[in-house]
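# Analysis of the macromolecular model
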Amino acid sequence: MGEGISDYTKNIVDLRRHMWLEGVEVELRRLIWQIAIVGKYISAKIHESNRKLAGLKNVYGDDQLALDRVSDDIMRNKLQFSGFVREYASEELEDIVKIGTGKEKYIVTADPLDGSSLVDSNLAIGTIIGIHKDSVLDVGRKTMVAALYITYGPLITMIYSAGRGAHEFVLDREGEYVLSQENIRLKEKGSIFSPGGLRRDWMPEHLKFVEQLEKDGYKLRYSGGFVPDINQIIIKRGGVFTYPALKNSPQGKLRLLFELQPMAFIMEQAGGQATDGNEDILSIKVENINQLSPVYIGSSAEVQLAKQMLS
Ligand code: F6P
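All values derive from a computational prediction rather than experimental measurement. (Residues numbered from 1 in each chain as written. Predicted model: local features only at pLDDT ≥ 70, side-chain atom pairs only at ≥ 80, totals over all residues. Heavy atoms only, no water.)

The subject of this paragraph is the overall build of the protein chain. Helix and strand counts for the protein chain stand at 10 helices and 13 strands. For the protein chain, the C-alpha radius of gyration of 19 Å lies close to 19 Å, the compact-globule estimate for 311 residues. Projecting the C-alpha coordinates of the protein chain onto the three principal axes gives extents of approximately 55 × 55 × 45 Å. Taking all contacts inside the protein chain whose residues are at least 6 apart in sequence as the whole, residues at least 24 apart take part in 62%. Element-wise, carbon and sulfur atoms account for 50% of the exposed surface of the protein chain, whose accessible area totals about 14500 Å². (Helix = DSSP H or I, 4+ residues; strand = E, 2+ residues; numbered from the N terminus. Rg over C-alpha atoms; globule rule 2.2 N^0.38 Å. Contact = heavy atoms within 4.5 Å. Areas by Shrake-Rupley, 256 points an atom, 1.4 Å probe, with all protein chains shown as cover.)

This is the structure in structure tokens:
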């Protein structure tokens, strides 16, 4: 007998059920669930942007707001009325903003739409979220309690970690986030690398590191989107992404609070590592919300090799 709808719903583990089974604290799981819903709204906005790609104005004839701004508005509005968030820091805003009554449990950092410049070429993009219990201007390892990212590609997928492993969900046609991979574990060593920055701007030690990977037969995989590039390393169970110190930008390009810490949290939960070449990404104190940092993130062998070659 074929599988009917009721069998299907009986057998799937959706995001809410998974977090409940994992024992994630109730307020945290409600917050993660609400953020996952925002992912659906953002994806609807990405789809709407096809009007712009087709050279059309929106129905009112106004100029359309940039997608990253719209995504930020949606995220902030949703979190403001969630009942769980007292402060919100976004890559789109100048400063941390107080939302809610001030008594709520969590502080959220968001890169609501990372890689939005890739939309017109129809490449994958993403949302990156960090959830903290104390101030975000501190050491991530002390304050972060959960992180997640959503990849908007041919499929919409989400990986979250609340400190008990990293788990992947796929948004199905019924609008449900369905568990696809539980407790993802990276291998010790992978076979792909994603090197950011121009080769002519790399420091000599970094150049040597990349040459070593090339010599060892690592395949180049770089899309220009941090979320899909990291997602590829996690789903393929290994490899390394780097955005190093550059000659004219010693702190590299990527933001510690909005991009690197949440990904480092998830990567560690999947058995990988993340460093700036010297210190773990999650051990660096965040002094200001726009702080940048070089990064080497992925499976252990490559991150250790980077540390060795950079020291
Ligand atoms: O920070 C934005 C971002 O687009 C990341 O998603 C990506 O990893 C990086 O910049 C790409 O930078 P570049 O264009 O210098 O390769």
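So, next bit.
Taken together, Asp 114, Tyr 222, Gly 224, Gly 225, Phe 226, Phe 241, Tyr 243, Lys 253, Leu 254, Arg 255 and Glu 259 form the complete shell of residues around the ligand. Between the ligand and Asp 114 there is a distance of 2.5 Å, counted from an oxygen atom to a side-chain nitrogen or oxygen. Computed on the free molecule, the ligand has an accessible area of 400 Å², of which 75% lies beneath the protein chains in the complex. Here the residues of the shell around the ligand sort into five nonpolar, two polar and four charged. (Near = heavy atom within 4 Å. Polar contact = N/O pair within 3.5 Å; in protein donor to acceptor, adjacent residues only side chain to side chain. Nonpolar A, V, L, I, M, F, W, Y, C, P; charged D, E, K, R; others polar.)

Turning next to the packing of aromatic side chains. Within the structure shown, the criterion is met by four aromatic pairs. Ring centres of Tyr 160 and Phe 169 lie 5.8 Å apart, and the angle between their planes is 35°; on these two criteria the pair is classed as tilted. We classify Tyr 160 as buried; its relative accessible area is 1%. Between Phe 209 and Tyr 296, the ring centres sit 5.7 Å apart and the planes meet at 75°, which makes this aromatic pair edge-to-face. (Phe/Tyr/Trp six-rings, centres within 6.5 Å; stacked < 30°, edge-to-face > 60°. Buried < 20%, exposed > 50% of the residue type's maximum accessible area, 1.4 Å probe, protein only.)

Even without being glycine, Asn 122 reaches a positive phi, approximately 60°. Tracing the backbone through its elements, the reader meets Asn 122 in the loop between strand 3 (106–114) and strand 4 (125–132). Given the relative accessible area of 69%, Asn 122 is considered exposed. Even without glycine at this site, Asn 183 takes up a positive phi of about 45°. Tracing the backbone shows Asn 183 in the loop between strand 8 (177–181) and strand 9 (192–195).

Under the definition given, this model contains 15 salt bridges. As a salt-bridge pair, Arg 76 and Asp 72 come within 3.8 Å of each other at their nearest N and O atoms. Note that Arg 76 and Asp 72 are positioned in helix 5 (residues 67–80) at a spacing of four residues, about one turn of the helix. Asp 73 is the partner of Arg 76 in a salt bridge, and the nearest nitrogen-oxygen pair spans 3.6 Å. Here the residue Arg 76 and the residue Asp 73 both occupy positions in helix 5, the gap between them amounting to three residues, near one helical turn. Exposure remark for Asp 73: the relative accessible area of 28% places this residue in the partly exposed category. One connected set of salt bridges, linked through shared partners, spans Glu 91, Asp 111, Arg 255 and Glu 259. (Salt bridge = Lys/Arg side-chain N within 4 Å of Asp/Glu carboxyl O.)

Before going further, it helps to examine the domain arrangement of the protein chain. Split into domains, the protein chain comes out as domain 1 (9–181) and domain 2 (192–310). One C-alpha centre belongs to domain 1, the other to domain 2, and the line joining them spans 23 Å. Each partner contributes to the interface: domain 1 provides 44 residues, whereas domain 2 provides 32 residues. A combined buried area of about 2800 Å² lies between domain 1 and domain 2, and 63% of that area is made up of carbon and sulfur atoms. The largest contributions to the domain 1 side of the interface with domain 2 come from Ile 128, Arg 141 and Tyr 149, which together make up 22% of the buried area. Applying the counting criterion to the domain 1 and domain 2 interface returns four salt bridges. For the salt bridge of Arg 255 with Glu 91, the shortest nitrogen-to-oxygen distance reads 1.9 Å. (Domains from an automatic or database assignment. Buried area = accessible area lost by both parts, 1.4 Å probe.)

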